[in-house]
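Residues per chain, in single letters:
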Amino acid sequence: MNRTEFIIATAVILFAAFCMGWFANWLAHRLSRVRQSDVADLDRMSQELHEAEETRDQAITYLQQREAELTNQLTQTEAELAAAMDGLRAARQEAEEMRGRIINNAD
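J.: In this structure, what is going on with the overall build of the protein? I would like to understand it.
T.: Scanning the protein from N- to C-terminus turns up two helices and zero strands. Taken against the 2.2 N^0.38 rule, which gives 13 Å for 107 residues, the C-alpha radius of gyration of the protein at 45 Å runs more than 25% over that of a compact globule. If one aligns the C-alpha atoms of the protein with their principal axes, the spans along those axes are about 150 × 30 × 10 Å. The proportion of buried residues among the 107 residues of the protein is 0%. Total accessible area on the protein stands at roughly 10,100 Å², and carbon and sulfur atoms take up 61% of it. If the 11 positive side-chain charges of the protein are averaged to one point and the 18 negative ones to another, these points end up 9 Å apart.

Printed below as a string of structure tokens:
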């Protein structure tokens, strides 16, 4: 094999390797290409996720406000109960004192 044949054979091999690399690159990009419908689906899903997060945040805010209202009502009810129990205790004590006076006056 002389020098010219060696150069031609090397050039053919390098050209074939270049063509195979180019074809592999084209095939990889063709297979991994993102379709417009996929992008639209991703946009739709991201919008739905954003709306769901907003709804969740609104629900959390509502629940926190409701919890604060119920805690306030519970505190007020407990205060009213304590006042009623104090009043009942005072009324029972007064009733006992009256019974004691009535019994002492009857003797």
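Okay, back to it.
J.: What should I look at first to understand a nonpolar patch on the surface in this one?
T.: Together, Phe15, Phe18, Trp22, Phe23, Trp26, Leu27 and Leu31 line one region of the surface with nonpolar side chains, adding up to about 850 Å² of accessible area. Summarising the element assignment, tryptophan 26 is placed in helix α1 (residues 3–32). Here tryptophan 26 falls in the partly exposed class, since its relative accessible area comes to 42%.

J.: I tried to follow the pattern of salt bridges on my own but got confused; where do I start?
T.: Pairing is possible between side chains that carry opposite charge, provided their charged atoms lie close to one another. Enumeration over the complete set of coordinates arrives at six salt bridges. Across the pair aspartate 57 and arginine 56 runs a salt bridge, and its minimum N-O distance is 2.9 Å. Among the ionic contacts, a cluster of salt bridges with common partners joins Asp41, Arg44 and Glu48.

Definitions and limits used
- Residues numbered from 1 in each chain as written.
- Predicted model: local features only at pLDDT ≥ 70, side-chain atom pairs only at ≥ 80, totals over all residues.
- Heavy atoms only, no water.
- Helix = DSSP H or I, 4+ residues; strand = E, 2+ residues; numbered from the N terminus.
- Rg over C-alpha atoms; globule rule 2.2 N^0.38 Å.
- Buried < 20%, exposed > 50% of the residue type's maximum accessible area, 1.4 Å probe, protein only.
- Areas by Shrake-Rupley, 256 points an atom, 1.4 Å probe, with all protein chains shown as cover.
- Lys, Arg positive; Asp, Glu negative; His and termini not counted.
- Charge placed at Lys NZ, Arg CZ, Asp CG, Glu CD.
- Patch = residues over 30% accessible without salt bridge, like charges linked within 9 Å, V, L, I, M, F, W, Y side chains within 5 Å.
- Salt bridge = Lys/Arg side-chain N within 4 Å of Asp/Glu carboxyl O.

None of the figures reported here should be taken as evidence of function without further support.
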